[in-house]
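Spelled out from the first residue to the last, the chains are:
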Amino acid sequence: MGFSKAQKAEHHAQIVATAAEVFRERGLNGIGVADLMKEVGLTHGGFYSHFPSRDALVAVAIDYAFDDAGHNLRSRIAKEKGSSFERLIKAYLSKWHRDHPQNGCPVAALAGDAARSGEQGKSAFTERFERYVEWVAGMLDGTVQERRTQAIATICAMAGAIAVSRALDDKRLSEEVIAAMLERCIDEN
């Protein structure tokens, strides 16, 4: 029995959303196609009616992950005080972000994996990182190049701090990493 166009579109969206979440939580190699499809409630064979390859899924899931993380970050930014840049830093460098990789920034969760992914995945990551830099640079003062440089440095520093804090089994040290980077990023602003 076939699926209607609406059902196929819904299944496609479920596959992408689930992949984006699972990839951020477990890494790009943290789940295979068969297990991903099972998690969505579909058969492994149905995957190829949605994507020509796993790398094609990775690219679409990375794109979705940036959108989802951006939405989550903007809603957390709205709850903070200070300039838009300070609110970004406070929302990003938080225990919530550390503890919810499946909903968080793909830069912190997937940079290492994206570097080893196929051409489509790496291209999607690069394009979305560039857009992220432009968004953060728009919050800053200075020349175009100064704002771009500060945005890149800030994103990389914050993502690195979140990635390291997630890797530590010492909660006190994990929180110290976040607090140190938070202080450093705000002081340099």
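This text goes with the structure placed above it.
Residues numbered from 1 in each chain as written. Predicted model: local features only at pLDDT ≥ 70, side-chain atom pairs only at ≥ 80, totals over all residues. Heavy atoms only, no water.

S.K.: Requested: an account of the packing of aromatic side chains, with residues and values cited.
M.R.: Inspection of every chain in the model, using the stated rule, returns four aromatic pairs. Ring geometry for phenylalanine 47 and tyrosine 48: centres 4.9 Å apart, planes at 85°, overall edge-to-face. For phenylalanine 47, a relative accessible area of 0% corresponds to the buried category. For the ring pair phenylalanine 66 and phenylalanine 125, a centre distance of 5.6 Å and an interplane angle of 70° mean the geometry is edge-to-face. With phenylalanine 66 in helix H3 (residues 54-77) and phenylalanine 125 in helix H7 (residues 119-137), this pair connects stretches of sequence that are 59 residues apart. In this pair, the class of phenylalanine 66 matches that of phenylalanine 125, namely buried. (Phe/Tyr/Trp six-rings, centres within 6.5 Å; stacked < 30°, edge-to-face > 60°. Buried < 20%, exposed > 50% of the residue type's maximum accessible area, 1.4 Å probe, protein only. Helix = DSSP H or I, 4+ residues; strand = E, 2+ residues; numbered from the N terminus.)

S.K.: Pulling in residues and values, what's your account of the pattern of salt bridges?
M.R.: Evaluation of the coordinates by the stated rule reveals 10 salt bridges. When the shortest N-O distance is used, the salt bridge between glutamate 175 and lysine 95 registers 3.9 Å. Pair noted here: glutamate 175 is in helix H9 (residues 171-187) and lysine 95 is in helix H5 (residues 95-99), with a separation of 80 residues, a long-range link. Of the charged contacts, one joins arginine 98 and aspartate 99 as a salt bridge, the two residues approaching to 2.7 Å between their closest N and O atoms. On the basis of relative accessible area, aspartate 99 is assigned to the partly exposed category, the value being 41%. The network of salt bridges with common partners includes Asp63, Asp67 and Arg128. (Salt bridge = Lys/Arg side-chain N within 4 Å of Asp/Glu carboxyl O.)

S.K.: How would you summarise the layout of surface pockets if you had to cite specific residues and measurements?
M.R.: Each pocket or cavity is described by its volume, and for the largest pocket that value is around 270 Å³. Taken together, 18 residues form the lining of the largest pocket, with Phe66, Gly70, Arg74, Arg128 and Tyr132 sitting closest to its centre. Looking at the lining of the largest pocket, the elements that each hand over two or more residues are H3 and H7. By residue number, the principal contributor to the lining of the largest pocket is H3, which donates eight residues. A breakdown of the residues in the lining of the largest pocket according to their chemical character gives eight nonpolar, five polar and five charged. (1 Å grid on protein atoms, 1.4 Å probe; cavity = no way out; pocket = protein on both sides within 12 Å on 5 of 7 lines; lining within 4 Å. Points joined across faces, edges and corners; volume = space filled by probe spheres on them. Nonpolar A, V, L, I, M, F, W, Y, C, P; charged D, E, K, R; others polar.)

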